[in-house]
There are 2 protein chains.
Amino acid sequence: MTAGNTGRKRPTISDVARRAGVTKGAVSRALNSGTGVSTGTRDRIRQAAVELGWSPSYAARALNGKPLGTIGLVVRRSPEILDFDAFFPSFLSGIESVLSGEEHATVIRFVPDAQTEAATYERLFGDRFVDGFLVTDLRVDDERPAMLHRLGAPAVVVGAPEGSSDLPTITNDAEEAIRGLVRRFADAGHRRIAHVQGDRHMLHALQRRRHWEQAMREFGLEPGPVEYGGYTIVGGAQATERILARGGERPTAVFYGSDLMAIGGYSVLGESGLAIPADMAVAGFDDIPLASFASPPMTTVRSKHRALGSAGARILLDMLKGQEPPLSTVLTGELCIRDSSGDPA
Amino acid sequence: MTAGNTGRKRPTISDVARRAGVTKGAVSRALNSGTGVSTGTRDRIRQAAVELGWSPSYAARALNGKPLGTIGLVVRRSPEILDFDAFFPSFLSGIESVLSGEEHATVIRFVPDAQTEAATYERLFGDRFVDGFLVTDLRVDDERPAMLHRLGAPAVVVGAPEGSSDLPTITNDAEEAIRGLVRRFADAGHRRIAHVQGDRHMLHALQRRRHWEQAMREFGLEPGPVEYGGYTIVGGAQATERILARGGERPTAVFYGSDLMAIGGYSVLGESGLAIPADMAVAGFDDIPLASFASPPMTTVRSKHRALGSAGARILLDMLKGQEPPLSTVLTGELCIRDSSGDPA
């Protein structure tokens, strides 16, 4: 029974010492530095380690201060958001596309609160269990850049606005795409355009809102109502209900800060007998595979999740090799026009 | 500039030795075993390590054969499937719910092929970088159980049929739920019920198909056409196109092996002018949050992704403590009736 593996104790450094007929100290010396023992003894110790299946390589690397080839990702998101997340799987596959063969690995932790978050960063890097971090979901007044600086941990911030951190930052710049969207709405005669914001504290959510507000003012429009949708389908549905329940003239278009929230909007608009785009024009953000299969197909701003992962990992690996990273790398969002936003007049 | 962290070399065991005024061998002995050096020297070495920020705990644990508290997950899936995956984020959050505080971490690798997959398992466990594995997406003739046995690696198979592996297995048993679905279709008068299978080789895909076939025969129906949808939205759309393009009488119901494939089906059925459920009844599998927000809301079989993660992690952690694991743990799928499957007659 393979289940019996539990009973098979892992070989320890003592087992290696016993088999090689030497002291534990000699094993440590032979395996860590290779000095302080004779060549014959060292070979006997290494042979014993191989026979027992005791492989010291990562421990030895760590003892010598060499990087393990691990990238750390500490994610503070609620299980509700993770349950059906449009970002992390493709972001992880982007990271992975840069890690080579068996030499690297991603170490991931989901944490519930700020305290566990800080302790997790400290433990992972303090133990040198990871070589550096990709930092996502940067928040207003985020303490992580200062903390990582204090730890001396190499880190790259991914998906935050330019200049939002002293750490090297990869920005997903959607300003032009959002301006193009608002222009299109304005050209079609929309005057009241609502926004559903993903989160109150995450910089990427604030940035999308600001780009929308700027564009609205640029086209002579008053930024319409804003509701919060928590980046989930159900949150997007509830935000849409609140928009429809407001007094005064109803908006005729909604820009959702994520496609998933817009899908929640589709559902509520359908139940309310409002046709998309005739009664309410809709646009999302992300361009998840679902967007083009929604009914009607969804206009959205394409965000390059996989490219964010690969660019982040590449810069971090370069830093670990001692290269000076670019302080700012900008990927550009792209407006994908489909049926849900209607035609310009 | 924090970017300058790249220039700050990590403290090595040599740095600790220099600061403490001892040999590297003495540092190894002091930090690994605590023996072979005087108490005063040991304290001086530990103090130097603390001052330099050199934390030996995980390396020392490894050198002594102690578990690091890491769970390994090696995922062989194409980037296309990962781009918008309904399983992994909530599965990971289930694993995470069991890992305690800062003591544990999940090490994840995505691999493109069988060769890299095998090498990755061997490297991660050979180096004792992970304590054990959760094994997902078990395939026909999967070589991983035998390989993990050979490595002596504690491992739990998640989401495969009972008895499909010598490793402890957590099964997502949907037999009753799928029978209930087929019964409902049969009661409504459906005679030709198609199936869209996710994958040709993954056991969970084969299992869903077999339960559908068994139930069809049980209710006196010939299992209808089967198409493959690759577990993606676009694959589900293409499979639906193939079902509609077949000669002979068209099926009146389709059971999709995943909700995402069913969403692809919704799109193609809509474009073909076929109403759900009047012209084609539809059911999915998973119960992702999207299912209840689809139009019409989707009948599906609820699969407990998060519970699979938490059960897998709990059993693996118990194994690492030396407990004998249950060879089979069964979670039961649940039929969620919504509008897409229509009413029984």
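Above this text sits the structure in question.
Residues numbered from 1 in each chain as written. Chains lettered and ligands numbered in written order. Predicted model: local features only at pLDDT ≥ 70, side-chain atom pairs only at ≥ 80, totals over all residues. Heavy atoms only, no water.

A word on the pattern of salt bridges. A side chain with one charge may pair with a side chain of the opposite charge, provided their charged atoms come close. Within this structure, the stated rule accounts for 38 salt bridges over all chains. The shortest N-O distance in the salt bridge between R302 of chain A and D287 of chain A comes to 2.8 Å. Here the residue R302 of chain A occupies a position in strand β10 (residues 299-302), and D287 of chain A occupies one in the loop between β9 (281-286) and β10, the gap between them amounting to 15 residues. With a shortest N-O distance of 3.2 Å, R76 of chain B and E117 of chain B are connected by a salt bridge. With R76 of chain B in the loop between β1 (70-75) and α5 (79-82) and E117 of chain B in helix α7 (residues 114-126), this pair connects stretches of sequence that are 41 residues apart. A relative accessible area of 28% places R76 of chain B in the partly exposed class. Where salt bridges share partners, they join R76, E117, R139, D142 and R144 of chain A into one cluster. (Salt bridge = Lys/Arg side-chain N within 4 Å of Asp/Glu carboxyl O. Helix = DSSP H or I, 4+ residues; strand = E, 2+ residues; numbered from the N terminus. Buried < 20%, exposed > 50% of the residue type's maximum accessible area, 1.4 Å probe, protein only.)

Estimates place the volume of the largest pocket at around 600 Å³. Around the largest pocket, the lining comprises 30 residues; the ones closest to its centre are A294 and S295 of chain A together with Y266, A294 and S295 of chain B. In terms of residue class, the lining of the largest pocket is built from 20 nonpolar, 8 polar and 2 charged. (1 Å grid on protein atoms, 1.4 Å probe; cavity = no way out; pocket = protein on both sides within 12 Å on 5 of 7 lines; lining within 4 Å. Points joined across faces, edges and corners; volume = space filled by probe spheres on them. Nonpolar A, V, L, I, M, F, W, Y, C, P; charged D, E, K, R; others polar.)

Here we take up the nonpolar core. Residues F84, V282 and L290 of chain A together with F84, V282 and L290 of chain B are the most contacted members of the largest nonpolar core, which totals 60 residues. Where this core is concerned, the elements lending two or more residues are β6 (193-197), α11 (233-245), β8 (253-256) and α12 (259-271) of chain A together with β6 (193-197), α11 (233-245), β8 (253-256) and α12 (259-271) of chain B. Counting 50 residues, the second largest nonpolar core, distinct from the first, contains I95 and L331 of chain A together with F88 and L316 of chain B. (Core = buried A, V, L, I, M, F, W, Y, C linked by side-chain atoms within 4.5 Å.)

This part takes up the sheet that holds strand β1 (residues 70-75) of chain A. With mixed pairing, 12 strands are arranged side by side in an open sheet as β11(A)-β5(A)-β4(A)-β3(A)-β1(A)-β2(A)-β2(B)-β1(B)-β3(B)-β4(B)-β5(B)-β11(B). The open sheet has two edge strands, β11 (328-332) of chain A together with β11 (328-332) of chain B, and neither has a second partner. Going from strand to strand, the sheet's axes swing by 20° on average, the running direction of each strand aside. One ladder, built from 6 bridges, connects β1 of chain B with strand β2 (residues 105-110) of chain B; its direction is parallel. If you follow L73 of chain B over to β2 of chain B, its bridge partner there is I108 of chain B. The strands touched by helix α6 (residues 88-98) of chain A within the sheet are β1, β2 (105-110), β3 (132-135) and β4 (155-158) of chain A together with β2 of chain B, with β1 of chain A carrying the most contacts at an inclination of about 165°. (Pairing = 2+ DSSP bridges. Axes fitted to C-alpha atoms, helices over the stretch in contact; angles between N-to-C directions. Contact = heavy atoms within 4.5 Å.)

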